[in-house]
Amino acid sequence: MTERSGQAGDATGGPAPTTPVCYRHPDRETYVRCTRCDRPICPECMRDASVGHQCPECVSEGRRSVRPARTAFGGGAAGRQGYVTKTLIALNVLVMILSIASDRGGDAAAGGSGFGGLMGGSTPLTDWGAVLGLARFSDGTIGGVAEGEWYRLVTAMFLHYGVVHLLLNMWALWVLGRTLEAVLGPLRFLALYLIAGLGGNVAVYLFSAPNSPAVGASTAIFGLFAAIFVIMRRLGRDTSAIVPILVINLIFTFTVPGISVAGHLGGLVVGALMALVLAYAPRMRRTAFQAAGGAILLVALLGLVLVRTAALTG
């Protein structure tokens, strides 16, 4: 206990009384003590507690000993704020702006191809980042994933052909993303989104014509459709409202010209697989199981890319 002397003594010559002082500010007298460690604390050091007051050190120690809130699938509670969903939407919008800016022909925003302008015109940015297996460009050079441009498998999920195309995907991401992020947590949701999007783009590379480019976040969006069905079933919730929406989107996939069937179905399948890993991981080793499952999916997708590349270049 930190204390200081009072007066020199009393008239009887007895011991001098002492006045308690704050252990952090020895020049301040106080008669209030921390309810946890019993040390004197001044008003500046007082922290409200359920009973009385605590000192700053005890408050910090108490916070460290409290386990952070987790979701049913091991994710952080910060997912309820939807930060990853908002960031992904902002990133897609930013890339769309850059795509329009790179287009000197002016048809990127509402181009005339596809259903009702859904698939707007290409731009130099979409030409650079679209999934493309193997093709000869106008300048005579050859490019594509088979030529080592693997980045296309990732960049394509952030590019869009036209503003209408972008808006449809971002609306779906806003609706699905916030729900899934709140349930899974930020990191698990981001992993689901990226792996599903990658899976859809790998499917495009595997099953589409090598010289046919494809872009769009819909590969990841279809993965989210599958994931929300799996997650809701795992939680024992009603999924009757999800199935009709998924069926309608599948009908559009097969009937609207210009849509990549392989990309949508690939994202759907890989998203479902990743959701199964996240939802059914054993509780005792949940994080390790989820990380291993995601890694296995990634390795499998990369293996398929290698097989396809060997077939195109062999």
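Residues numbered from 1 in each chain as written. Predicted model: local features only at pLDDT ≥ 70, side-chain atom pairs only at ≥ 80, totals over all residues. Heavy atoms only, no water.

Q: Explain the overall build of the chain here, please?
A: Scanning the chain for helices and strands turns up 10 helices and six strands. Evaluated residue by residue, the chain yields a buried proportion of 45% over its 314 residues. When contacts within the chain are restricted to residue pairs at least 6 apart in sequence, those whose partners lie at least 24 apart make up 61%. Accessible area of the chain: about 16,400 Å², with a carbon and sulfur share of 62%. (Helix = DSSP H or I, 4+ residues; strand = E, 2+ residues; numbered from the N terminus. Buried < 20%, exposed > 50% of the residue type's maximum accessible area, 1.4 Å probe, protein only. Contact = heavy atoms within 4.5 Å. Areas by Shrake-Rupley, 256 points an atom, 1.4 Å probe, with all protein chains shown as cover.)

Q: Whenever I open this one, the state of the cysteines confuses me. Can you help?
A: Throughout this description, disulfide means a covalent bond between two cysteine sulfur atoms. Within the structure shown, the criterion is met by zero disulfides. Summary of cysteine pairing: cysteine 37 is not part of a disulfide, and the nearest cysteine sulfur, belonging to cysteine 34, is at 3.6 Å. Judged by relative accessible area, which is 30%, cysteine 37 ranks as partly exposed. With no disulfide of its own, cysteine 42 lies 3.7 Å from the sulfur of cysteine 22, the closest cysteine sulfur. Classification of cysteine 42 by relative accessible area gives buried; the value is 1%. (Disulfide = S-S within 2.5 Å.)

Q: Whenever I open this one, the packing of aromatic side chains confuses me. Can you help?
A: Centre-to-centre distance and the angle between the planes together describe a pair of aromatic rings. Within the structure shown, the criterion is met by three aromatic pairs. On the basis of an interplanar angle of 25° and a centroid distance of 4.8 Å, the ring pair of tryptophan 128 and tyrosine 151 is categorised as stacked. In this pair, tryptophan 128 sits in helix α3 (residues 124–129) while tyrosine 151 sits in the loop between β6 (142–143) and α4 (152–155), placing the two residues 23 residues apart along the sequence. Residue tryptophan 128 is classed as partly exposed on the basis of its relative accessible area, which comes to 45%. With a centroid separation of 6.5 Å and an interplanar angle of 50°, the aromatic rings of phenylalanine 189 and tyrosine 193 are classed as tilted. In this pair, phenylalanine 189 and tyrosine 193 are both assigned in helix α6 (residues 186–207), four residues apart and thus about one turn of the helix distant. As far as the burial class goes, phenylalanine 189 and tyrosine 193 line up, both buried. (Phe/Tyr/Trp six-rings, centres within 6.5 Å; stacked < 30°, edge-to-face > 60°.)

Q: Explain the side chain of threonine 239 to me, please; I cannot follow it from the model alone.
A: With respect to the helices, strands and loops of the structure, threonine 239 is situated in the loop between α7 (218–234) and α8 (242–255). Discounting residues that sit within four places of it in the chain, threonine 239 has contacts with Phe229, Met232 and Arg233.

Q: Please explain the nonpolar core as it appears in this structure.
A: Looking at soluble globular proteins, one finds that nonpolar side chains tend to be buried together. In this structure, Leu173, Leu180, Tyr193, Ile221 and Leu224 are the most contacted members of the largest nonpolar core, which totals 57 residues. For this core, the secondary structure elements donating two or more residues are α2 (83–102), α5 (163–184), α6, α7, α8, α9 (261–279) and α10 (286–313). No other element matches α7, which puts 11 residues into this core. Residues Cys22, Cys34, Ile41 and Cys58 belong to the second largest nonpolar core, which totals eight residues. (Core = buried A, V, L, I, M, F, W, Y, C linked by side-chain atoms within 4.5 Å.)

Q: Please explain the packing of α7 against α9 as it appears in this structure.
A: Geometrically, a packed helix pair is captured by the angle between its two axes and the distance between the axes. With their axes 7 Å apart at the nearest point, α7 and α9 run at an angle of 35° to one another. Our pair here, α7 against α9, has a crossing hand that is right-handed. Residue-level contacts link Ser218, Thr219, Phe222, Gly223, Ala226, Ala227, Val230, Ile231 and Arg234 of α7 to Gly263, His264, Gly267, Leu268, Gly271, Ala272, Ala275, Leu276 and Ala279 of α9. In terms of residue class, the contact of α7 with α9 is made up of 10 nonpolar, seven polar and one charged. (Axes fitted to C-alpha atoms, helices over the stretch in contact; angles between N-to-C directions. Left-handed = near helix turned anticlockwise from the far one by under 90°. Nonpolar A, V, L, I, M, F, W, Y, C, P; charged D, E, K, R; others polar.)

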